[in-house]
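So the chains spell out like this:
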Amino acid sequence: MRRVFTSLLILVFTGALLLFGAGLWWLHEPIPLRLTPGSQVVDLEIEPGTPASGVAEVIVASGADVPAIFLHAWFRFSGQGRLIKAGSYELAPGTTPQKLLSMLVRGDQALKSVTLVEGWNFNQVRAALQKAEQLSPDTLGMAPEAIMQKLGKPGVHPEGRFFPDTYTYAKGSSDLAVLKRAARAMDKRLDAAWALRNPDTPLKTPDEALILASIVEKETGKPSDRAQIGGVFTNRLRQGMLLQTDPTVIYGLGDKFDGNLRKRDLLTDTPYNTYTRAGLPPTPIAMPGRAALLAAVQPAPTKAIYFVARGDGSSHFSSSLDEHNRAVNKYIRGQ
């Protein structure tokens, strides 16, 4: 009898070892995936409040070729089933059950990104967000005023209010969420730049700094000229001269601009025509980057009040009208 009992114990123990070994082997084996044509990963969407059993079922339904009961048992056995975070995930070939659970517990979501480029206007920002991969277009068809209301900035013109940068987001996120982050980033960058402003700047408010920075951004062809360009416009503001900058005129023309700026355009008065109106335009005309913000508040010390493009991206700076006219003849008219 004792021998039978001992034999049974040995069998049970051996079975347990085999089961444990099989489980250990399974945890480190890649999960077979049912990939859709053209896809290299299985997309997972875990909704908030989904229990561990439901998570296992979602994983299987999404394309993991493994019994859901196995996954659920693993989640429970690990003691981490309740730590699984909701979100968007990608299950790539080679992912093991152990790596899968670790990913879900850490919340390593599948992130996408969208880049907002320095010098873009708000229409270009909206177009980029609409094209962004798996970003929910919640602002589609929404008026700019309504968007700013949603962002907690009622009555604020949207132009230039978003910081140009690359923003990551979870798949299915709202474009409003990206805009909110970009708006907060610009507020932070503008505040930081304003705190560093030169004591003798003619700019009176951070908003004026943002407007000037947007002009500097659009006028700069070569980064090393940026502070000099800021200096030219600062000198003009100090002396009460017209800014006479083409990008503001173009912005004021809106859809009427056909790519060719004519003399009549310079004479057509709009709130943004700095050939017909003194001082800064009413709003920014584009998104300035950090360097342009600093160039607006910390311009290079210069006596120049004119500049003209050389044709290679750089600019020639002049402190007198005669010198400027000679530069125009050389670089524009080829004389």
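Rules and cut-offs
- Residues numbered from 1 in each chain as written.
- Predicted model: local features only at pLDDT ≥ 70, side-chain atom pairs only at ≥ 80, totals over all residues.
- Heavy atoms only, no water.
- Helix = DSSP H or I, 4+ residues; strand = E, 2+ residues; numbered from the N terminus.
- Rg over C-alpha atoms; globule rule 2.2 N^0.38 Å.
- Areas by Shrake-Rupley, 256 points an atom, 1.4 Å probe, with all protein chains shown as cover.
- Lys, Arg positive; Asp, Glu negative; His and termini not counted.
- Charge placed at Lys NZ, Arg CZ, Asp CG, Glu CD.
- Buried < 20%, exposed > 50% of the residue type's maximum accessible area, 1.4 Å probe, protein only.
- Contact = heavy atoms within 4.5 Å.
- Salt bridge = Lys/Arg side-chain N within 4 Å of Asp/Glu carboxyl O.

Q: What is the right way to look at the overall build of the protein in this model?
A: From N to C terminus, the protein includes 13 helices and 6 strands. Relative to the globule expectation of 20 Å for 335 residues, the C-alpha radius of gyration of the protein, 31 Å, shows a markedly less compact shape. Principal-axis analysis of the C-alpha atoms places the extent of the protein at approximately 115 × 40 × 40 Å. Put simply, the protein shows about 18500 Å² of open surface, and 55% of that area lies on carbon and sulfur atoms. Each charge class in the protein can be summarised by its mean position, and for the 38 positive and 31 negative side chains these summaries are 4 Å apart.

Q: Before we go on, may I ask you to explain the environment of Ala291 in this structure?
A: Along the chain, Ala291 turns up in helix H12 (residues 290–297). Exposure remark for Ala291: the relative accessible area of 39% places this residue in the partly exposed category. Spatially, the C-alpha atoms of Ala291 and Gly259 are 27 Å apart, while their sequence positions differ by 32 residues.

Q: I tried to follow the environment of Gln80 on my own but got confused; where do I start?
A: Summarising the element assignment, Gln80 is placed in the loop between helix H3 (68–78) and strand S2 (87–91). Judged by relative accessible area, Gln80 falls into the partly exposed class, the value being 31%. Distance from Gln80 to Ala183, taken between C-alpha atoms, is 37 Å for residues 103 residues apart in sequence. In contact with Gln80, other than residues within four places in its own chain, are Phe75, Leu101 and Val105.

Q: Before we go on, may I ask you to explain the pattern of salt bridges in this structure?
A: Side-chain pairs of opposite charge can arise whenever the charged atoms involved come near each other. Tallied over the entire structure, the rule returns 12 salt bridges. For Lys171, the salt bridge goes to Asp43, with nearest N and O atoms at 2.4 Å. Taken together, the residues span a long stretch of sequence, with Lys171 in the loop between strand S4 (166–170) and helix H7 (175–195) and Asp43 in strand S1 (residues 42–46) at a distance of 128 residues. Taking relative accessible area as the criterion, Lys171 reaches 7% and is therefore assigned buried. Among the ionic contacts, a cluster of salt bridges with common partners joins Asp43, Glu90, Lys112, Glu133 and Lys171.

Function-wise, these values are silent; they only describe arrangement.
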